[in-house]
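An overview of the molecular structure
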Amino acid sequence: MTLDRTSALVRFADSAVASLATTRPSGSPHIVPVTFAVDDETVYTMVDRKPKTTTALQRLANIAANPGVSLLADHYEADWTRLWWVRIDGDATITEDGETPMVARSLLQKKYPQYRDQPPDGPAICVRITGVTWWEWAR
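1. Things to note about helix H3 (residues 99–111)
Turn by turn, an α-helix covers 3.6 residues, leaving residues three or four places apart pointing in a common direction. End to end, H3 covers 19 Å across 13 residues, agreeing with the expected 18 Å (1.5 Å per residue, within 8%). Among the residues of H3, Pro101, Ala104, Leu107 and Leu108 are the ones counted as buried. Down the axis of H3, the sector holding all buried residues measures 130°, keeping them to one side. Relative to its buried face, H3 has exposed residues pointing more than 90 degrees away, namely Glu99, Met102 and Lys110. Contact partners of the buried residues in H3: strand E3 (37–39), strand E4 (42–46), strand E6 (84–95), helix H4 (114–117) and strand E7 (124–136).

2. Examining a nonpolar patch on the surface
On the surface, Tyr76, Trp80, Trp135 and Trp137 cluster together into a nonpolar patch covering about 480 Å² of accessible area. Here tryptophan 137 lies in the segment after E7.

3. Observations regarding the side chain of serine 15
Along the chain, the position of serine 15 falls in the loop between helix H1 (5–14) and strand E1 (18–23). Of the polar contacts made by the side chain of serine 15, one reaches the backbone oxygen of arginine 11; its length is 3.1 Å. Ignoring any residue separated from it by four or fewer positions in sequence, one finds serine 15 in contact with Phe36, Ala73, Trp84, Lys111 and Tyr112.

4. Considerations on the packing of aromatic side chains
On inspection of all chains with the given rule, the structure shows two aromatic pairs. Aromatic side chains phenylalanine 12 and phenylalanine 36 sit 4.7 Å apart centroid to centroid with 40° between the ring planes, which places their arrangement in the tilted category. Taken together, the residues span a long stretch of sequence, with phenylalanine 12 in helix H1 and phenylalanine 36 in the loop between strand E2 (29–34) and E3 at a distance of 24 residues. Judged by relative accessible area, which is 0%, phenylalanine 12 ranks as buried. Relative to tyrosine 115, the ring of tyrosine 112 lies with its centre 5.7 Å away and its plane at 75°, an arrangement referred to as edge-to-face. Taken individually, tyrosine 112 and tyrosine 115 each receive the classification buried, so the pair is uniform in this respect. A cation over a ring is seen here: lysine 111 above phenylalanine 36, with NZ or CZ 3.7 Å from the ring centre.

5. Things to note about the sheet that holds strand E5 (residues 68–75)
Strand order in the open sheet formed by seven strands is E2-E1-E5-E6-E7-E4-E3, with antiparallel pairing between adjacent strands. Single-partner strands in this sheet number two, and they are E2 and E3. Averaged over all adjacent pairs, the angle separating strand axes in this sheet is 30°, with direction ignored. Judged from the three bridges that link them, E1 and E5 form a sheet pairing that is antiparallel. Counted as the bridge partner of alanine 21 is serine 70 from E5. Packed onto the sheet, H1 meets E1, E3, E4, E5, E6 and E7 and runs at close to 120° relative to E7.

So, how was this worked out
- Residues numbered from 1 in each chain as written.
- Predicted model: local features only at pLDDT ≥ 70, side-chain atom pairs only at ≥ 80, totals over all residues.
- Heavy atoms only, no water.
- Helix = DSSP H or I, 4+ residues; strand = E, 2+ residues; numbered from the N terminus.
- Expected span 1.5 Å × (residues − 1).
- Buried < 20%, exposed > 50% of the residue type's maximum accessible area, 1.4 Å probe, protein only.
- Arc of directions from axis to C-beta.
- Contact = heavy atoms within 4.5 Å.
- Patch = residues over 30% accessible without salt bridge, like charges linked within 9 Å, V, L, I, M, F, W, Y side chains within 5 Å.
- Areas by Shrake-Rupley, 256 points an atom, 1.4 Å probe, with all protein chains shown as cover.
- Salt bridge = Lys/Arg side-chain N within 4 Å of Asp/Glu carboxyl O.
- Polar contact = N/O pair within 3.5 Å; in protein donor to acceptor, adjacent residues only side chain to side chain.
- Phe/Tyr/Trp six-rings, centres within 6.5 Å; stacked < 30°, edge-to-face > 60°.
- Lys NZ or Arg CZ within 6 Å of the ring centre and 35° of its normal.
- Pairing = 2+ DSSP bridges.
- Axes fitted to C-alpha atoms, helices over the stretch in contact; angles between N-to-C directions.

Below, the structure written as structure tokens:
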């Protein structure tokens, strides 16, 4: 199957994890793995209860200073004809109150069974998609 934008978004949405890339105020990159869910043209992720060294997360500070982010989902295996990646570029916002965290939590609980017993309760990061780039082994 040759990827187009729609099938690339589906492949991204079906991935279990993505890497969230933000930029520190100094200009250096910062990247962390995240769980996520996609709804239409928005990617949602939340700060969850997995152990962290601090609640003052670098990704939140970075987004507050510069909302431009990228998310990357990829697939690797020894058979290189099955390699692919999809990158989402977008503008991120952080929301702690109101309807957005409820929407994000619901979508994440639908995708990840682990969140059904221990729902994420931290800030929601909402990424409005501004670009989709993809690659797969050309057949």
